[in-house]
Amino acid sequence: MVTYPGYDNNRLANSVDAGYYNRLLNDASLPLYNNATQQRTAPGSTFKPVTVAAGLSEHLIDSNTEIEDLGRFELITPSPRCWIYAVGGTHGAINVMEAIRDSCNYFFYTLGYQMSLQDDVYQENKGIDTLRKYTEMFGFNENTGIEIAESAPQMADGFPVTAAIGQSNHNYTTTQLARYTAALADKGKLHSLSLIDRIQEGGSGEIEQIDGPEERSLEGILPSAWDTIGEGMRMMAENNRVLRELPFSVAGKTGTAQQNRTRPNHALFIGYAPYEQPQIAVATRIAYGYSSSNAVEVTSDILKYYFGVEDSDKLLTGQAEIPENRGNSFTD
């Protein structure tokens, strides 16, 4: 669990360096604010697997269902657009795994709309109630259990068509996204998060082992949905220049969230590896990080470090890099 910018906590241990602490308090970059547990943003397209779980479990689609991307979703007004439509294209006829791979907004707008139909009439409340049922299953209605301060999650309560792509008024912390990612990796086991492995009295005192974090199974989700979601996330990673070069398989989902039109978008990525036997689940958000591709780069380095496939001296340089991708465009 990493938050940036950081600070030297050695200068705040035992005797506090008052001048240093005062500078931290007045630093406009808010180094004392734990972005990993306290900063909330929309999840963007990293939320789309929740919508897939809902669509499959409600039998609105199956793994072979194809939906034609028409660019603009004109069944509601104002009519949202698929991200690719901004450059004059569409994804054509696309199934659910391809929709995860390509992050086709139109496909997920359609699912949000179908969830809202009652006797063939669009009922916004019905759609948001259905989507919230599955959002709650993934634990987005509660804190993760982590033992430090964590902001409360905010599930979308309106506009089911855009909520289905992780927009509307969804707001979650990175820790909440990480917990959800682990549930995807573990095919429906939702774990509480914990920072504590054991408690020890002094340097050589008695050790109290801590029980493993609580978990529960997401029984309300169609069992076959996990393989469908996982395959789509694997296809996404295989289609990504950075992730497909790793010497192990990855499943992932990119996301972009716009919070302020005068500032860059938030960059997000969730993923786990190896795909076949997951050992690690990661959620990465770079606030105002321009493009999800930048979050992918960071996650790739985390995975390289975890699996020891690249010299740590090359990965941990202590220097930030100006990303190549500084365009503020949506590609997911």
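**Q** What is the right way to look at the pattern of salt bridges in this model?
**A** Pairing is possible between side chains of opposite charge, provided their charged atoms come close. Going through the model one piece at a time under the given rule, you end up with 13 salt bridges. With its nearest N and O atoms 2.9 Å apart, the salt bridge here joins Lys133 to Glu58. Taken together, the positions of Lys133 in helix H6 (residues 124-137) and Glu58 in the loop between helix H3 (48-57) and strand E1 (66-69) put the pair 75 residues apart, joining distant regions of the chain. Residue classification places Glu58 among the partly exposed positions, given a relative accessible area of 30%. The salt bridge partner of Lys304 is Glu310, with a shortest N-O separation of 3.5 Å. The class of Lys304 is buried, set by a relative accessible area of 19%.

**Q** In this structure, what is going on with the pairing of strand E11 (residues 280-286)? I would like to understand it.
**A** Burial analysis of E11 places 5 of its 7 residues in the buried class, the great majority of the element. Here strand E10 (residues 266-273) hands over to E11 after 6 residues, the two strands then running antiparallel side by side.

**Q** Just checking my understanding: could you explain the sheet that holds strand E9 (residues 251-257) for this structure?
**A** Paired through their backbone hydrogen bonds, the strands of a sheet run either parallel or antiparallel. Read across the sheet, 3 strands follow the order E9-E10-E11 without closing on themselves; strand pairing throughout is antiparallel. Every interior strand has two partners, whereas the edge strands, E9 and E11, have only one. Strand-to-strand twist of the sheet, defined as the mean angle between neighbouring strand axes without regard to direction, takes the value 10°. When E9 meets E10, the two strands line up antiparallel, connected through 7 bridges. In the sheet register, Lys253 faces E10, and the bridge partner there is Ile270. In the packing of helix H9 (residues 225-238) onto the sheet, the strands contacted are E9 and E10, and the crossing angle to E9 comes to about 75°.

**Q** Is there a simple way to think about the packing of H3 against helix H5 (residues 105-114) in this case?
**A** A pair of packed helices can be characterised by two numbers: the angle between their axes and the separation between those axes. Axis separation between H3 and H5 bottoms out at 10 Å; the angle between their running directions is 45°. In terms of orientation, H3 lies oblique with respect to H5. Crossing hand, H3 versus H5: left-handed. Between H3, through Lys48, Thr51 and Val52, and H5, the contact on the second element is made entirely by Asn105, Phe108 and Leu111. Classifying every residue of the contact of H3 with H5 by side-chain character gives 3 nonpolar, 2 polar and 1 charged.

**Q** Can you walk me through helix H8 (residues 174-185) in this structure?
**A** Given 3.6 residues per turn, any residue in an α-helix points the same way as the ones three and four places further on. Compared with an ideal rise of 1.5 Å per residue, which puts 12 residues at 16 Å, H8 spans 16 Å between its outermost C-alpha atoms and is within 8% of the ideal. Among the 12 residues in H8, 10 count as buried, and that is most of the element. Where H8 ends, the next residue or the one after it, Lys187, has phi of about 50°, a positive value.

**Q** When you look at the pairing of E10 in this model, what are you seeing that I'm missing?
**A** Two faces make up the sheet, and in a regular strand the side chains alternate between them. Burial of E10 is extensive: 8 of the 8 residues sit out of reach of the surface. Along E10, one buried face is formed by His266, Leu268, Ile270 and Tyr272 and the opposite face, lined by Ala267, Phe269, Gly271 and Ala273, is buried too.

**Q** Looking at this model, I keep getting lost on the packing of H3 against H6. Mind explaining?
**A** At their nearest, the axes of H3 and H6 sit 9 Å apart, and the two run at 115° to each other. Remark: the crossing between H3 and H6 carries right-handed chirality. Contacts between H3 and H6 involve Val50, Thr51, Ala53, Ala54 and Ser57 from the former and Leu131, Tyr134 and Thr135 from the latter. Tallied by class, the residues present in the contact of H3 with H6 amount to 5 nonpolar, 3 polar and no charged.

**Q** Explanation requested: a negative patch on the surface in the structure shown.
**A** A surface patch of negative charge is lined by Glu201, Glu206, Glu208 and Asp211. Along the chain, the position of Glu201 falls in the loop between strand E6 (198-200) and strand E7 (207-209). On the basis of relative accessibility, which here comes to 57%, the residue Glu201 falls in the exposed class.

**Q** Teacher, can you tell me more about the nonpolar core here?
**A** Taken as a class, soluble globular proteins show a tendency for nonpolar side chains to be buried jointly. In this structure, Phe107, Phe138, Leu184 and Ile221 are the most contacted members of the largest nonpolar core, which totals 58 residues. Contact partners of Phe138, with chain neighbours within four places excluded, come to Val50, Ala53, Tyr180, Ala183, Leu184, Leu190, Leu218, Ile221 and Trp226.

**Q** Would you mind showing me how to read the environment of Tyr4 here?
**A** In this fold, Tyr4 is placed in the segment before helix H1 (18-26). Residue Tyr4 is classed as exposed on the basis of its relative accessible area, which comes to 69%. Sequence separation between Tyr4 and Lys187 is 183 residues; the distance between their C-alpha atoms is 31 Å.

**Q** I keep staring at H6 and nothing clicks. Help me out?
**A** Between its terminal C-alpha atoms H6 stretches 20 Å, which fits the 20 Å expected from 14 residues at 1.5 Å a residue. Buried residues of H6: Gly127, Ile128, Thr130, Leu131, Tyr134, Thr135 and Met137, and no others. Its buried side turned inward, H6 meets H3, helix H7 (160-163), strand E5 (189-191) and strand E8 (215-217). Count one or two residues on from H6 and you reach Gly139, which has phi positive near 80°.

Rules and cut-offs
- Residues numbered from 1 in each chain as written.
- Predicted model: local features only at pLDDT ≥ 70, side-chain atom pairs only at ≥ 80, totals over all residues.
- Heavy atoms only, no water.
- Salt bridge = Lys/Arg side-chain N within 4 Å of Asp/Glu carboxyl O.
- Helix = DSSP H or I, 4+ residues; strand = E, 2+ residues; numbered from the N terminus.
- Buried < 20%, exposed > 50% of the residue type's maximum accessible area, 1.4 Å probe, protein only.
- Pairing = 2+ DSSP bridges.
- Axes fitted to C-alpha atoms, helices over the stretch in contact; angles between N-to-C directions.
- Contact = heavy atoms within 4.5 Å.
- Parallel < 35°, antiparallel > 145°, perpendicular 65-115°, else oblique.
- Left-handed = near helix turned anticlockwise from the far one by under 90°.
- Nonpolar A, V, L, I, M, F, W, Y, C, P; charged D, E, K, R; others polar.
- Expected span 1.5 Å × (residues − 1).
- Patch = residues over 30% accessible without salt bridge, like charges linked within 9 Å, V, L, I, M, F, W, Y side chains within 5 Å.
- Areas by Shrake-Rupley, 256 points an atom, 1.4 Å probe, with all protein chains shown as cover.
- Lys, Arg positive; Asp, Glu negative; His and termini not counted.
- Charge placed at Lys NZ, Arg CZ, Asp CG, Glu CD.
- Core = buried A, V, L, I, M, F, W, Y, C linked by side-chain atoms within 4.5 Å.

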